[in-house]
Amino acid sequence: MLGFKQFFRSSLGRKLIMSMTGLFLCLFLIVHLGGNLTLFAGDEGYTFNIYAHFMTNFLPVEIIGYVLYISILVHAVYALVLTIKNRRARPVKYAVQPKAGSSWASLNMGLLGSIIFLFLVIHMTNFWGRYKFTEGTYREYRKDLLTGKLTSSVYLPDSPHFEYAVTMEGNTEVVRVKDLYVIVSHSFSLLWYVVLYLVAMVAVAYHLYHGFQSAFQTAGLASRKYTPLIKFTGIWLFAVIIPLAFASMPVVFYIKSLL
């Protein structure tokens, strides 16, 4: 037990924890992006609001969510501890040695991580906090299951404890749900928030450009055979496609708010 504790108090142990929590957060990004892309469904938030309710009220998903929050904190705390120790002693670099094109990202992981962490605090307070802990507004969707026609309107629940309801009226499905879509739409109509979001996505891109590959190396999950695939995935999926996809959301909503 003593050896186990000593290992996780060592620089290598801390980096292993960072790599594993980092890979878990990468997996979350894929799931989170898939859900958030429903913002573009063109159904006045019908799909997105149902998704939001599911993600915040289905117990197994809620448990995973709390594991996620803990992982973010652990990742941030261990990064801070490593940064402080590295400044006090001879730096212990990541397993991936930065090349010319990635040296800035590898040398500024602390700065990038700080920007991302600050953004996450603001982002979660603005969306998850308001959605989960304030009364907010509600939406009623009526979908004709024969024609597929969908209409929506503001819904005023009778009880302050109302969360979600699905009923049938003939061939019409009636969904009443808390409206996170309107919170997103309003937030993305604010220029300062859009700029903050875009800066954060740039930080995410650079952070993952170096961090994804390094995490596999540090965890001992990379080999000569799979390194090209890991590098390709780290660059194109996590450093390019995912940040651009997330960045497209505030940009599109902001442009729509100007029209």
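All values derive from a computational prediction rather than experimental measurement.

Parameters at a glance
- Residues numbered from 1 in each chain as written.
- Predicted model: local features only at pLDDT ≥ 70, side-chain atom pairs only at ≥ 80, totals over all residues.
- Heavy atoms only, no water.
- Helix = DSSP H or I, 4+ residues; strand = E, 2+ residues; numbered from the N terminus.
- Contact = heavy atoms within 4.5 Å.
- Areas by Shrake-Rupley, 256 points an atom, 1.4 Å probe, with all protein chains shown as cover.
- Buried < 20%, exposed > 50% of the residue type's maximum accessible area, 1.4 Å probe, protein only.
- Pairing = 2+ DSSP bridges.
- Axes fitted to C-alpha atoms, helices over the stretch in contact; angles between N-to-C directions.
- Bend = angle between axes of the 7 residues up to and from the residue.
- Patch = residues over 30% accessible without salt bridge, like charges linked within 9 Å, V, L, I, M, F, W, Y side chains within 5 Å.
- Salt bridge = Lys/Arg side-chain N within 4 Å of Asp/Glu carboxyl O.
- Core = buried A, V, L, I, M, F, W, Y, C linked by side-chain atoms within 4.5 Å.

Colleague: Help me get a handle on the overall build of the protein, residues and values and all.
Modeller: For the protein, the count of helices and strands is 9 helices and 4 strands. The linear arrangement of helices and strands in the protein, starting from the amino end, is α-α-α-α-α-α-β-β-β-β-α-α-α. Across the protein, the fraction of contacts at a sequence separation of at least 24, relative to all contacts at a separation of at least 6, is 75%. Carbon and sulfur atoms provide 69% of the accessible area of the protein, an area that totals close to 15100 Å².

Colleague: Can you tell me about the pairing of strand β4 (residues 172-178), naming the residues and giving the values?
Modeller: Most of β4 sits inside the fold, with 6 of its 7 residues counted as buried. Bridging between strand β1 (residues 138-144) and β4 involves 7 bridges; their strand directions are antiparallel. Note that in β4 the partner of Arg-139 across the bridge is Val-177. The pairing of strand β3 (residues 164-169) with β4 spans 6 bridges and is classified as antiparallel. Among the inter-strand pairings, Glu-169 is bridged to a residue of β4, identified as Thr-172. Hairpin connection, β3 to β4: the antiparallel pair is bridged by 2 residues, and Gly-170 has positive phi, about 65°.

Colleague: Describe the sheet that holds β3, and please don't skip the residues or the numbers.
Modeller: Pairing is antiparallel in the open sheet, where 4 strands are placed in the order β2-β1-β4-β3. The outermost strands of the open sheet, each flanked by one partner alone, are β2 (150-155) and β3. Taking each pair of neighbouring strands and ignoring which way they run, the sheet shows an average axis angle of 20°. In terms of strand pairing, β1 meets β2 through 6 bridges, oriented antiparallel. Following the sheet pairing, Lys-143 is matched in β2 by Leu-150. On top of the sheet, helix α3 (residues 46-57) reaches β1, β2, β3 and β4; it is set at about 60° to β4, its chief contact.

Colleague: Describe helix α6 (residues 109-133), with residues and values.
Modeller: Of all bends in α6, the biggest is about 35°, found at Met-124. By the burial criterion, the buried members of α6 are Met-109, Leu-112, Ile-116, Phe-119, His-123, Asn-126, Phe-127, Gly-129 and Tyr-131.

Colleague: Run through unusual backbone geometry, naming residues and quoting values.
Modeller: Residue Glu-44 is not a glycine yet carries a positive backbone phi of 60°. Looking at where Glu-44 falls in the secondary structure, it is placed in the loop between α2 (11-36) and α3.

Colleague: How would you explain the environment of Ser-114 if you had to name every residue and give the values?
Modeller: Considering the arrangement of structural elements, one finds Ser-114 in helix α6. On the basis of relative accessible area, Ser-114 is assigned to the partly exposed category, the value being 46%.

Colleague: Explain the side chain of His-207 residue by residue, including any values.
Modeller: One can find His-207 in helix α8 (residues 191-218). Residue His-207 is classed as buried on the basis of its relative accessible area of 15%. For His-207, the residues in contact, after removing those within four places along its chain, are His-75, Met-109, Leu-112, Gly-113 and Ile-116.

Colleague: How would you explain a nonpolar patch on the surface if you had to name every residue and give the values?
Modeller: On the surface, a cluster of nonpolar side chains totalling about 410 Å² of accessible area is made up of Trp-104, Leu-111, Val-202 and Tyr-206. Structurally, Trp-104 can be placed in helix α5 (residues 103-107). According to the relative accessible area criterion, Trp-104 is partly exposed, its value standing at 44%.

Colleague: An account of the nonpolar core is requested, with residue identities and associated values reported.
Modeller: Within the largest apolar cluster, 36 residues are counted, with the highest numbers of intra-cluster contacts made by Phe-188, Met-201 and Phe-246. Elements with a contribution of two residues or more to this core: α2, α3, α6, α7 (180-187), α8 and α9 (227-258). Examining the composition of this core, we find that 10 residues originate from one element, α8, more than from any other. Those residues in contact with Phe-188, other than ones at most four positions away along the chain, are Phe-127, Tyr-193, Val-194, Tyr-197, Met-249, Pro-250, Phe-253 and Tyr-254.

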